[in-house]
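Architecture and fold: a report
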Amino acid sequence: MSASKQATVSPALPGSPTILVVFLENGGRVGGVDLPHWAALALDRLSQAYARAAVWLQARRHYDRIVVLEEEQATAAHLWQALLDAGDATLDVLMLVHGQNGYACGHGDNQVGADFFDGLRALRAAGLAPFNLRAVYQMNCYGQTLAPEWLSIGAQVVNGSVGVNWLPEPSLSVFLTNWLGGATFQQAVQRSYRAASRALGLVWRPQASRSGVRQPHDKIASSRMEVFGNGGLRR
């Protein structure tokens, strides 16, 4: 993983509030399969309710405020405003959405991509966006393509999958348990990927390469998480 091995405590400003921003949208999609409208709607509501509950149950004691952006609020504009409204608070962000190469998908495929980051970089350069962005956890596919963007607007550490992420759970729950429990960001990401790989590896079994060496299933390999920035950061 591309991260520093030095463990450090997060530099939250003394006395400043801590805020968790949850950007949540499933859209009723799974594995590129076109579901009937009723099934897509049910999947969208159930998956988001589960994610919202999982985050709330684990995170509520660790943050002064939790901001959930879902459905029509899961857009680049609302995420932008949530960051600006934070003032000088210390922020962690959970990106619990789908994604493509170069952008994350919000409600109605609204894109969190180049325009979003370009605008925030300009505001920060002008001193108009003083938020203290600490850690960004990305569930979206191709998350590693957005890692430099998050770092460019001040994130201290961010993760991202190398391709399509087939392991949203139990990755999220294991990550939160470890990150909120005092592990470094890199440890939390590594442990979550290992746990999810073991669980789903019972279905997607290792494959033999041309050389005869057994390799992780393509779906497991595609979901591998990289960490960028200060992986030794602790909450």
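This text goes with the structure placed above it.
A short tour of the structure in this document, coming up. (Residues numbered from 1 in each chain as written. Predicted model: local features only at pLDDT ≥ 70, side-chain atom pairs only at ≥ 80, totals over all residues. Heavy atoms only, no water.)

1. Some words on the packing of aromatic side chains
- Counted according to the given criterion, the structure contains eight aromatic pairs.
- Between Phe116 and Trp150, the aromatic rings sit 6.3 Å apart at their centres with planes inclined by 65 degrees, giving edge-to-face as the arrangement. Of the two residues, Phe116 is situated in helix H3 (residues 114-125) and Trp150 in helix H4 (residues 147-152); the sequence distance between them amounts to 34 residues.
- Ring centres 5.5 Å apart and planes at 85 degrees place the aromatic pair Trp179 and Phe185 in the edge-to-face group.
- An aromatic cluster is present here, built from Trp80, Phe116, Phe117 and Trp150 joined pairwise through their rings.
- Directly above the aromatic system of Phe131 lies the positively charged group of Arg124, at a separation of 4.6 Å from the ring centroid. (Phe/Tyr/Trp six-rings, centres within 6.5 Å; stacked < 30°, edge-to-face > 60°. Helix = DSSP H or I, 4+ residues; strand = E, 2+ residues; numbered from the N terminus. Lys NZ or Arg CZ within 6 Å of the ring centre and 35° of its normal.)

2. Observations concerning helix H2 (residues 76-85)
- Buried within H2 are the following residues: Ala76, Leu79, Ala82 and Leu83. Viewed along the axis of H2, the buried residues span an arc of 125 degrees, placing them on a single side of the element. Exposed residues on H2 whose side chains face more than 90 degrees from its buried face are Ala77 and Asp85.
- After H2 finishes, the residue Gly87 shows a positive phi value of roughly 60 degrees. (Buried < 20%, exposed > 50% of the residue type's maximum accessible area, 1.4 Å probe, protein only. Arc of directions from axis to C-beta.)

3. A word on the nonpolar core
- One finds Val21, Leu79, Met95, Phe116, Leu133 and Trp150 to be the most contacted residues of the largest nonpolar core, which totals 32 residues.
- Breaking this core down by element, the ones donating at least two residues are strand S2 (18-25), strand S3 (65-70), H2, strand S4 (90-100), H3, strand S7 (132-138) and H4.
- Apart from the residues within four sequence positions on either side, Phe116 is in contact with Ala76, Leu79, Trp80, Leu83 and Trp150.
- Counting 25 residues, the second largest nonpolar core, distinct from the first, contains Tyr63, Leu96, Leu176 and Val189. (Core = buried A, V, L, I, M, F, W, Y, C linked by side-chain atoms within 4.5 Å. Contact = heavy atoms within 4.5 Å.)

4. A word on the pattern of salt bridges
- Inspection of every chain in the model, using the stated rule, returns five salt bridges.
- Between Glu70 and Arg52 there is a salt bridge; the shortest N-O distance is 2.8 Å. Residue Glu70 is found in strand S3, and its partner Arg52 is found in helix H1 (residues 37-59); the two are separated by 18 residues along the sequence.
- Classification of Arg52 as partly exposed rests on a relative accessible area of 34%.
- Here Asp118 ties to Arg121 by a salt bridge, and the two come within 2.3 Å at their closest N and O atoms. Pair noted here: Asp118 and Arg121 are both in helix H3, with a separation of three residues, about one helical turn.
- A residue is classified by how much of its surface remains accessible, and Asp118, at 41% relative accessible area, is partly exposed. (Salt bridge = Lys/Arg side-chain N within 4 Å of Asp/Glu carboxyl O.)

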